[in-house]
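Structural description and commentary
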Amino acid sequence: MAIIPPALSPLTQVMENIIPERYAVTLQENLVRSGLYVKASELITLVLLAGILMGLVIFILFSVLGINPLIGGLIGFLLPGIVIFAWIFFMMERRVDSIEQGTPDFLRQIASLLRSGVGIETALEDISRQGKGPLVDELKRAVIEIKLGSTFESALTSMGERLKSKNLDRTFRMILEGRRVGGSLSDVIETVAEDLRAVLALKRERRANVMMSVMFLLVAALIAAPFALGMIMTYSSFIGALGKADPLLDAAATAAGGYIIIHSIIAGLLIGIVLYGSARKGVKYALILAPAAFAIFYVVKTVAPMVLGF
């Protein structure tokens, strides 16, 4: 699906030549994982154009308001990229979660077909022809890989690696191991399906139990700390307006901004630990929280003195 007009195709071609291949492939895989079937170079072109346009608009707006226009231009340039890639991340997580939820029923269908005497490759192809959704799309891709010469084992393993889901990867490996050692594959798949269903139920329960902690971290990172430090900077500006300027005011503003960024990064990592048990998963949240929190701090620090009239 093309998202860039044909007139901008030369710019897209330039992006393809500039972006290192390994980064382009990684981005393209993430786009497929999120269910967005667009070219990576076209998406980057769109982000670049939106950043330039938004940066120009906010640059002019900050100039009119008497705020540092360079900061506004930088915020505007970065904002579309942050929003778009954050949206891709959440779409990716949502799609994987949808596939995980549908996998137990898919496995039970496979087990039923195997009991009726159908081979596992044929069963996989039959199920891929029914219905629609992200799981069916992944099954169709696996079937195509098998028809092109891949083995059932490699197609299933690739599916687990492509989705980057520990639950699905573990499930598929258990099925392959059961097939390798022999015995009733339908019984193995039925057992694996029930095991995955129980794991997903525990996962939902865990998320429900920790959601209050996640909300607390989000409020602290995006509202409490930026607003509190922004108002402290506003109070310092008020004192300066009374003729009692603090020579450390600029240094304090820099230190406060640095604290906001560090605090947001730590909050993002903690969210990853709370939700997934891995700080590495929280890096994605940190990359979203840090610029958002700093933007809120900067807006409060800049706009509050203007609103209060000093």
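Structure first, text after, so check above.
These notes cover the structure that comes with them. This is a predicted model, so every value here is computed, not measured. (Residues numbered from 1 in each chain as written. Predicted model: local features only at pLDDT ≥ 70, side-chain atom pairs only at ≥ 80, totals over all residues. Heavy atoms only, no water.)

1. With respect to the packing of helix α7 (residues 152-163) against helix α8 (residues 166-181)
Convention followed: Angular values range over 0 to 180 degrees, each being the angle between N-to-C directions of two axes fitted as lines to C-alpha atoms, with helices fitted over their stretch in contact. The helix and strand labels rest on DSSP assignments: H or I over at least four residues marks a helix, E over at least two residues marks a strand, and numbering proceeds from the N terminus. Here is the rule for angles: anything less than 35 degrees is roughly parallel, anything more than 145 is roughly antiparallel, 65 through 115 is roughly perpendicular, and the remaining ranges are oblique. Should the near helix be turned counterclockwise from the far one by less than a right angle, the crossing is left-handed, whereas a clockwise turn marks it as right-handed. It only takes one pair of heavy atoms within 4.5 Å for two residues to be counted as in contact. Only Asp, Glu, Lys and Arg are considered charged, only Ala, Val, Leu, Ile, Met, Phe, Trp, Tyr, Cys and Pro nonpolar, and every remaining residue, Gly among them, polar.
Across the interface, α7 lies against α8 with an axial gap of 8 Å and an inter-helix angle of 165°. Taken together, the axes of α7 and α8 lie roughly antiparallel to each other. Crossing of α7 over α8 shows left-handed handedness. Only L168, D169, F172, R173, L176 and R179 of α8 make contact with α7, whose side of the interface consists of F152, E153, L156, T157, M159, G160, E161 and L163. Its residues assigned to classes, the contact of α7 with α8 shows seven nonpolar, two polar and five charged.

2. Brief notes about a nonpolar patch on the surface
Selection rule: Like charges are joined within 9 Å and nonpolar side chains (Val, Leu, Ile, Met, Phe, Trp, Tyr) within 5 Å, but only among residues with over 30% relative accessible area and no salt bridge; these make up the patches. We get accessible surface area from the Shrake-Rupley algorithm with a probe of 1.4 Å; when it comes to residues, only the shown protein chains can shield them. One side-chain nitrogen of Lys or Arg within 4 Å of one carboxyl oxygen of Asp or Glu is enough to make a salt bridge.
Nonpolar side chains collect at one region of the surface, where L56, F59, I60, V64 and L70 lie side by side and expose about 510 Å² of accessible area between them. Among the elements that take part in the nonpolar patch, helix α3 (residues 40-65) stands out by supplying four residues, more than any other. Within the secondary structure, L56 is located in helix α3.

3. Examining the side chain of R95
Its location among the elements puts R95 in helix α4 (residues 69-115). For R95, the contacting residues outside a window of four places in its chain are V32, R33, S34, G35, Y37, P134, D137, E138 and L163.

4. Structural notes on the nonpolar core
Filter applied, for reference: Residues enter a nonpolar core if they are buried and are Ala, Val, Leu, Ile, Met, Phe, Trp, Tyr or Cys, with the set joined through side-chain atoms within 4.5 Å. Only protein chains enter the accessibility calculation, which uses a 1.4 Å probe; a residue whose area is less than 20% of its type maximum is buried, one above 50% is exposed, and one in between is partly exposed.
Ranked by size, the top nonpolar core spans 27 residues in total, and within it F106, L107, I110, L124, L139 and I189 carry the most contacts. For this core, the secondary-structure elements that each account for two or more residues are α4, α5 (120-128), α6 (134-147), α7, α8 and α9 (185-241). Discounting chain neighbours no more than four positions away, the residues touching L107 are T171, I175, I189, V192 and A193.

5. Remarks on the packing of α6 against α7
Look at α6 against α7: their axes get within 9 Å of each other, and the N-to-C directions meet at 140°. Accordingly, the angle class assigned to the pair α6 and α7 is oblique. The element α6 and its partner α7 pack so that their crossing is right-handed. Along its contact with α6, which presents L135, E138, L139, R141, A142, E145 and I146, the element α7 presents F152, A155, S158, M159, R162 and L163. Residue composition of the contact of α6 with α7, grouped by class: eight nonpolar, one polar and four charged.

6. Focus on a positive patch on the surface
This is how it is decided: Counted charges follow a simple rule, with Lys and Arg positive, Asp and Glu negative, and His plus the chain ends left uncounted. Each charge is placed at NZ for Lys, CZ for Arg, CG for Asp and CD for Glu.
On the surface, K164, K166, R280, K281 and K284 cluster together to form a positively charged patch. Inspection of the secondary structure puts K164 in the loop between α7 and α8. Classification of K164 as exposed rests on a relative accessible area of 54%.

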